[in-house]
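Tertiary structure, described
Residues per chain, in single letters:
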Amino acid sequence: PNGYFDNLLVLMEKDAIYRDSDLGREAVAQQLGISNSYLTQLIKENTGDSFTSFINQYRVKDVERMLQDDSFEHFDVLSIGLEAGFKSKTGFYSTLKKINGLTPSQFRNNRS
């Protein structure tokens, strides 16, 4: 078990730091008290992902949760993407499509 990685998971899951659209590797490394390169290595060793992929997976999960939550149905999908930390419509749509094969609207319409 790696204490730094556990702390990173707490920052992601409890503090939802991924919602900051300006979140960068430097800021995360600083919060953990480690170097940028060690953070990159930590994520790669524990998940096989790059820093950006790791962060975006949390954003996509957040978007999926909001798109399935009736209390968010009056929000347009772009607003939900921005709320989850995506910086742009293009980045949001392409990341969601890459991860689950659907556009945000398709995902929202497919919910059961």
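Here we summarise the structure given alongside this text. Keep in mind that this is a model prediction, so the values were computed, not measured.

Considering the overall build of the chain
For the chain, the helix and strand inventory stands at 7 helices and 0 strands. Each helix and strand of the chain, placed in order from N terminus to C terminus, yields the pattern α-α-α-α-α-α-α. Dimensions of the chain, computed from C-alpha atoms along their principal axes, come out at roughly 40 × 25 × 25 Å. Taking all 112 residues of the chain together, the buried fraction comes to 37%.

Description of the pattern of salt bridges
Think of it this way: side chains of opposite charge can pair up when their charged atoms draw near. Per the stated rule, a full pass over the model turns up 3 salt bridges. With a closest N to O distance of 2.7 Å, R19 and D62 form a salt bridge. Residue R19 is found in the loop between α1 (3–13) and α2 (25–32), and its partner D62 is found in helix α4 (residues 51–68); the two are separated by 43 residues along the sequence. Judged by its relative accessible area of 4%, D62 is buried. Where D22 meets K87, a salt bridge forms, and the shortest distance between an N and an O atom there is 2.3 Å.

So, α1
Residues F5, L8, L11 and M12 constitute the buried set of α1. Angularly, the buried residues of α1 cover 115 degrees about the axis, an arc narrow enough to put them on a single face. Buried residues in α1 make contact with α2, α3 (36–47) and α4.

Examining the packing of aromatic side chains
A full pass over the atoms with the stated rule returns 7 aromatic pairs. Ring geometry for F86 versus F92: centroids 5.2 Å apart, planes at 40 degrees, classification tilted. Relative to Y93, the ring of F92 lies with its centre 5.4 Å away and its plane at 90 degrees, an arrangement referred to as edge-to-face. For F92, a relative accessible area of 0% gives the class buried. The exposure class assigned to Y93 is partly exposed, which follows from its relative accessible area of 24%. An aromatic cluster of three or more residues is present, and its members are F5, Y18, F54 and Y58. When the ring centre of Y93 is taken as origin, the NZ or CZ atom of K89, which lies over that ring, is 5.5 Å away.

Points about the environment of T95
Relative to the elements of secondary structure, T95 occurs in helix α6 (residues 89–100). Placed 17 residues apart in sequence, T95 and L78 show a C-alpha to C-alpha distance of 13 Å. T95 has contacts with N56, V60 and F86, leaving out every residue within four places of it along the chain.

Conventions and cut-offs
- Residues numbered from 1 in each chain as written.
- Predicted model: local features only at pLDDT ≥ 70, side-chain atom pairs only at ≥ 80, totals over all residues.
- Heavy atoms only, no water.
- Helix = DSSP H or I, 4+ residues; strand = E, 2+ residues; numbered from the N terminus.
- Buried < 20%, exposed > 50% of the residue type's maximum accessible area, 1.4 Å probe, protein only.
- Salt bridge = Lys/Arg side-chain N within 4 Å of Asp/Glu carboxyl O.
- Arc of directions from axis to C-beta.
- Contact = heavy atoms within 4.5 Å.
- Phe/Tyr/Trp six-rings, centres within 6.5 Å; stacked < 30°, edge-to-face > 60°.
- Lys NZ or Arg CZ within 6 Å of the ring centre and 35° of its normal.

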